Every structure is written in structure tokens, then in C-alpha cells.
Amino acid sequence: MSTWLVTGAAGFIGANFVRLASASVEARLVVLDALTYAGNLENIADLVEAGKIEFHRGDICDIDLVNELFGRHRFDRVVHFAAESHVDRSILGAEPFIRTNIQGTAVLLAAARASWQDRQGKPLFLHVSTDEVFGSLEPDDPPFTENSPYRPNSPYSASKAAADHLVRAWHHTYGLPTIISNCSNNYGPWQFPEKLIPLMILNAFDGRELPVYGDGRQVRDWLHVEDHCRALLAILAGGQAGRTYVVGGACERTNLDIVQRIALEADALLRRSPGSAAKLIRHVADRPGHDRRYAMNAMALQRELGWRPRHDLESALPAVVRWYWENRAWADRIRSGTYVEYYEQQYGARA
Ligand code: NAD
Ligand code: DAU
């Protein structure tokens, strides 16, 4: 049986990934997560308790710990999610992004290289990255592809781009078997409530303002997190070392459209009159350097590895809204912690 190191699996996408992988792949899953503000052991506690994954609390920048884990487990796969992931936080302070996203990735690459030097078989390092490294599209531009140039605009996307370049260089120079996946915006269960969709859902439930940045006409390409995780499993099974794969939902929506949909779903779920939650929409100061539009062309992944998204936003979003309603206690526990301070700084109001 192969052994996989999954970094950052107490976060949103990593938690969904280990849930799917533990149910569908014959592999021993070892998780390394520092449990930052965004990491929540509750997201994967049932898997840890059932012995389906082995959990280590630790920092990917800790060279000794990372080397020790590689020595002990001789990993066949690394699936690297761990990152500082929120653009607004990167604007408030870039240092943790530079440290975790760049230095942490460098530590993992060095450990994999040392561990895999005399390695038989086909180990693989999958670096989970973002569409934001390609910058912003104009309204009529074609979607990003594997050949799009890097033009990161925020401290977050610049730190992810730097990490992508390290991953690419470790393949080119040392022959380390690496793959980079660049995915668009994910939505689904267990997403930290600082991100657009869970933030708007929870605020709509609570009758709080729905803070839309600027004119709200920025466009994102939405993909259900389970579809992203299935794409990663397909890449791990059949992807080619040295390659990049673009992942996306071909589902471009303006932020305002997303918020209006959420408002209507919340009204329906709470049996309020349609339009009640939409009255909570407030246009607030725009995000500095805000990227206007992202869109991904995932045709290469579809053609070569047979992956297709199974969820469409129109039918999946109501189920996601319901998930946050049924898991309000999970969200309340997060929102009563240090998140309160961030919310005050970002929105000038209490979480
Ligand atoms: P998240 O913020 O929800 O989770 C990040 C996880 O990494 C947390 O569990 C956190 O504790 C852990 N972590 C942070 N710093 C660490 C460190 N130094 N050492 C060990 N663990 C650490 O993020 P997410 O939304 O699940 O994103 C996961 C990955 O996918 C990121 O690399 C992100 O750039 C990428 N990505 C996210 C999206 C999206 O829409 N959320 C889209 C494309 C790509
Ligand atoms: O595109 C992939 C990226 O998607 C990932 O790499 C990032 O980790 C992830 O955080 C996400 O980045 P975005 O900046 O696109 O996501 P966010 O949920 O922060 O914002 C989505 C859009 O909604 C963006 O245009 C900003 C806007 N927004 C966001 C918040 C939190 C608002 O209008 N109001 C808000 O309160």
C-alpha cells in the first residue's frame, strides 16, 4: 500500500480531499497541519478517530519535523495544500504568506528530493495552486490555460506564484517528479467563513449586512470542492511529472449574482419572504488591487485524464447553503475565536 503525505488537510480543501481519498483510494494518508486559525481538527476528527488518517500537528517550515516524517514514512505521494490562503489577509500582512507559501514549499521540496534520491517506483509531488497566479482577465479575454503567463497581483497570489516557480525549478533542475495544479474558486462544506460564499450564507442567516466589495461585478469561476478533489485524484493517478494542469468549473459568475442567489436560498430555507436577505446587501470599499475576472479552460485535464465536474452551481449551491444551516454550531465555534478580531479589522463590525 502506498503512503501519502497530505499537508494542510485540516483546512477546507484538504479536509474534503482526505475524506474523498480515504473512501476511494488504497493508500495510507498521513496529514501534516499546523492548525493555524484556518485549520480545524474538527473538520477531520471522525477520520482520525476511525484510524483512516494519521494526524501530525506541525509546521511545514519545520525542516527537522518534515525530514523526520519523510524518513519514517518514505512517502510515495505528497499532496501539498498547506498555505495561507486568504487574499484580504495577505493585504493586511504579507509575512505569513511569504513564510508558509514560499519557504514551507521549499522545505517540502528539499525533503522530497533527499528522500526520493535512490527511490524505485514513481513518487510524485502534487503542488495545489491557484488560478490567481495568472492575474486578471479582461471581459473578452479567453480563459486561462496551462500556457498563460504568470502575472500575480496580490501578496497571496505572488507567494503562490513563487511557490509554483520553485516546484517547476525542482523538476527542471533536479528531476524531482512534480505536478502543479492551478484551480479556480472552490465552494462547499467546511470552508472557513472569511471566504465569500460561507461569509454571505452565515450573515444572511443572522440578518447581518452582506458586504460586497466595490460594484460586485468581479467575476470568479466556481467549482464545487468535491470536483476539485476528484480532479486531484485523477492527476495523482494519471498525471505526467513536470506538467501543469488547469482545473476549473467553466462557471463564471459575478460576485453580486452569487450573493443574490445565496440571499434567495437563505430566505427559502428560513421561510422568510423572498427578497428579505437581498435587502442586507451593502456595497463597501473595494479590495485594493482587486482582480476583475478569473476563468479557467480545463480542456487538457478533460481530454487527457477524463475528468469532468459533476456538480453545477445552480443545483449544488442550495445544498451548500443547507449544509451551513445544519452545521451552524461548527461555524459558531469558529466565529467565537480569534476570527472576531479579523472581522472587526476587515469590516469594522463584530463577527
Ligand atoms: P485553508 O486556508 O482553508 O486551509 C489551509 C490549511 O493549511 C489549514 O488547515 C492550515 O492550518 C494549514 N497551514 C497553514 N499554514 C501552515 C503551515 N505553516 N504548516 C502546516 N500547515 C499549515 O485553505 P484552502 O482554501 O483549503 O486551500 C488549500 C490550498 O488550495 C491552498 O494552497 C490554496 O492556495 C489552494 N487553492 C484554494 C482555492 C480555494 O478556492 N479555496 C482554489 C485554488 C487553490
Ligand atoms: O481563485 C482561487 C482563489 O479563490 C484561491 O486561490 C484563494 O485561496 C481563495 O481564497 C479564493 O480567492 P478569492 O479572493 O477569489 O476569494 P474570496 O472568497 O476572498 O472572494 C471572492 C470574491 O468575492 C472576490 O472578488 C472578493 C469578493 N468578496 C469577498 C469577500 C470576503 C466580497 O465582495 N466581499 C467579501 O466580504
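So, how was this worked out
- Residues numbered from 1 in each chain as written.
- Chains lettered and ligands numbered in written order.
- Predicted model: local features only at pLDDT ≥ 70, side-chain atom pairs only at ≥ 80, totals over all residues.
- Heavy atoms only, no water.
- Helix = DSSP H or I, 4+ residues; strand = E, 2+ residues; numbered from the N terminus.
- Rg over C-alpha atoms; globule rule 2.2 N^0.38 Å.
- Areas by Shrake-Rupley, 256 points an atom, 1.4 Å probe, with all protein chains shown as cover.
- Lys, Arg positive; Asp, Glu negative; His and termini not counted.
- Charge placed at Lys NZ, Arg CZ, Asp CG, Glu CD.
- Near = heavy atom within 4 Å.
- Polar contact = N/O pair within 3.5 Å; in protein donor to acceptor, adjacent residues only side chain to side chain.
- Axes fitted to C-alpha atoms, helices over the stretch in contact; angles between N-to-C directions.
- Parallel < 35°, antiparallel > 145°, perpendicular 65-115°, else oblique.
- Contact = heavy atoms within 4.5 Å.
- Nonpolar A, V, L, I, M, F, W, Y, C, P; charged D, E, K, R; others polar.
- Pairing = 2+ DSSP bridges.

J.: Looking at this model, I keep getting lost on the overall build of the protein. Mind explaining?
T.: Each helix and strand counted, the protein has 13 helices and 12 strands in total. The C-alpha atoms of the protein give a radius of gyration of 20 Å, which matches the 20 Å a tight globule of 351 residues would have. Each of the three principal axes of the protein carries a C-alpha extent, and together these read 65 × 45 × 40 Å. Entry remark: accessible area of the protein is about 14900 Å², with carbon and sulfur atoms responsible for 49%. Measuring between centres, the 38 positive side-chain charges of the protein sit 3 Å from its 42 negative side-chain charges.

J.: Is there a simple way to explain the site of ligand 1 in this structure?
T.: With respect to spatial proximity, 28 residues lie near ligand 1, and among them Ile 13, Asp 33, Ser 85, Tyr 156 and Lys 160 are the closest. Between an oxygen atom of ligand 1 and a main-chain N or O atom of Gly 11, the distance comes to 2.9 Å. Taking Val 128, its main chain carries an N or O atom lying 3.5 Å from an oxygen atom of ligand 1. Considering ligand 1 on its own, with 830 Å² of exposed area, one finds that the protein chains cover 96% of that surface. Sorting the residues of the shell around ligand 1 by element identifies α1 (12-24), β5 (124-130), α6 (155-174) and β7 (185-187) as the ones contributing at least two each. With 3 residues, β5 is the largest single contributor of residues to the shell around ligand 1.

J.: Looking at this model, I keep getting lost on the packing of helix α7 (residues 196-206) against helix α12 (residues 328-335). Mind explaining?
T.: Two packed helices can be described by the angle between their axes and the distance between those axes. Remark: α7 packs on α12, axes separated minimally by 12 Å, with the N-to-C direction vectors making an angle of 100°. Comparing the axis directions of α7 and α12 gives the class roughly perpendicular. From α7, Leu 202, Asn 203, Phe 205 and Asp 206 reach across to α12, where they touch Arg 328, Ala 331 and Arg 335. Looking at side-chain class alone, the contact of α7 with α12 contains 3 nonpolar, 1 polar and 3 charged residues.

J.: I would appreciate a short explanation of the site of ligand 2 in the present structure.
T.: As a structural note, the neighbourhood of ligand 2 is formed by 24 residues, with Asp 131, Tyr 156, Arg 287, His 290 and Tyr 347 the closest of them. In the environment of ligand 2, an oxygen atom lies 2.7 Å from a nitrogen or oxygen atom belonging to the side chain of Thr 130. A distance of 2.8 Å separates an oxygen atom of ligand 2 from a polar backbone atom of Tyr 213. The protein chains hide 95% of the 680 Å² of surface that ligand 2 would expose on its own.

J.: Hey, could you run me through the sheet that holds strand β9 (residues 219-224) in this one?
T.: In any sheet, the strands associate via hydrogen bonds between backbone groups, in a parallel or an antiparallel arrangement. Ordered in space as β7-β9-β11, the 3 strands form an open sheet in which the pairing is mixed. Of all the strands in the sheet, the pair left with one neighbour each is β7 and β11 (252-254). With strand direction ignored, the average angle separating the axes of adjacent strands in the sheet is 50°. Across the face of the sheet, helix α8 (residues 225-238) comes into contact with β7 and β9 while running at roughly 70° to β9.

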